[in-house]
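Each chain is listed here by its residues.
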Amino acid sequence: VGEIVATRCAMCHAAEPQWPGLGWAPKGVRLDSPEGVAAHARAIYLQAGRSHAMPPAGMWLDPAERAAIAAWYRAGAAS
């Protein structure tokens, strides 16, 4: 899941977002470190594992990646 978040989420949710037009991480959510991912595990699960709210239109997260996020969270990612 670390690689999924690093390649699919952290491009926007970082200290210096790489998505054109973003000057800061949306909602202040930073996912560019293991600590940030752990702190936001539930939100990652809800936004990307359970729903299709993230990533936004124009980005892609395949069903296997969503399933991996859900399994990761259910296995105790927030512990």
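Residues numbered from 1 in each chain as written. Predicted model: local features only at pLDDT ≥ 70, side-chain atom pairs only at ≥ 80, totals over all residues. Heavy atoms only, no water.

Draft legend 1. Quick peek at the side chain of glutamate 65. With respect to the helices and strands, glutamate 65 occurs in helix α4 (residues 63–74). In terms of polar contacts, glutamate 65 uses its side chain to reach the side chain of arginine 8, at 3.3 Å. With near-sequence residues (within four places) excluded, glutamate 65 lies in contact with Ile4, Arg8 and Trp60. (Helix = DSSP H or I, 4+ residues; strand = E, 2+ residues; numbered from the N terminus. Polar contact = N/O pair within 3.5 Å; in protein donor to acceptor, adjacent residues only side chain to side chain. Contact = heavy atoms within 4.5 Å.)

Draft legend 2. Focus on unusual backbone geometry. Here the amide bond leading from methionine 54 into proline 55 is cis, since omega sits at -5°, within 30 degrees of zero. We note that lysine 27 has phi near 55°; this positive angle belongs to a residue other than glycine. Its location among the elements puts lysine 27 in the loop between α1 (2–8) and α2 (34–39).

Draft legend 3. Highlighting the packing of helix α3 (residues 41–50) against α4. With their axes 8 Å apart at the nearest point, α3 and α4 run at an angle of 145° to one another. In this structure, the crossing between α3 and α4 has a hand that is left-handed. Along its contact with α3, which presents Ala41, Arg42, Ile44, Tyr45, Gln47, Ala48, Gly49 and Arg50, the element α4 presents Arg66, Ile69, Ala70, Trp72, Tyr73 and Arg74. The residue makeup of the contact of α3 with α4, split by class, is eight nonpolar, two polar and four charged. (Axes fitted to C-alpha atoms, helices over the stretch in contact; angles between N-to-C directions. Left-handed = near helix turned anticlockwise from the far one by under 90°. Nonpolar A, V, L, I, M, F, W, Y, C, P; charged D, E, K, R; others polar.)

Draft legend 4. Region of the structure containing the environment of tyrosine 73. Here tyrosine 73 lies in helix α4. The sequence separation of tyrosine 73 and valine 1 amounts to 72 residues, and the corresponding C-alpha distance is 9.5 Å.

Draft legend 5. Here's a closer look at the state of the cysteines. Tallying each qualifying case throughout the model produces zero disulfides. Just so you know, cysteine 9 is unpaired, no disulfide at all, and the nearest cysteine sulfur is the one on cysteine 12, 8.9 Å from it. Using a relative accessible area of 13% as the deciding quantity, one classes cysteine 9 as buried. (Disulfide = S-S within 2.5 Å. Buried < 20%, exposed > 50% of the residue type's maximum accessible area, 1.4 Å probe, protein only.)

Draft legend 6. How the structure looks around the side chain of arginine 66. Among the structural elements, arginine 66 can be located in helix α4. Of the buried charged residues, arginine 66 lacks a salt bridge, with glutamate 65 as the closest side chain of opposite charge at 7.4 Å. Polar contacts involving the side chain of arginine 66 include one to the main-chain carbonyl oxygen of alanine 48, which spans 2.8 Å. Dropping the residues within four chain positions of it, arginine 66 is found in contact with Gln47, Ala48, Gly49, Ser51, His52, Met54, Pro55 and Leu61. (Lys, Arg positive; Asp, Glu negative; His and termini not counted. Salt bridge = Lys/Arg side-chain N within 4 Å of Asp/Glu carboxyl O.)

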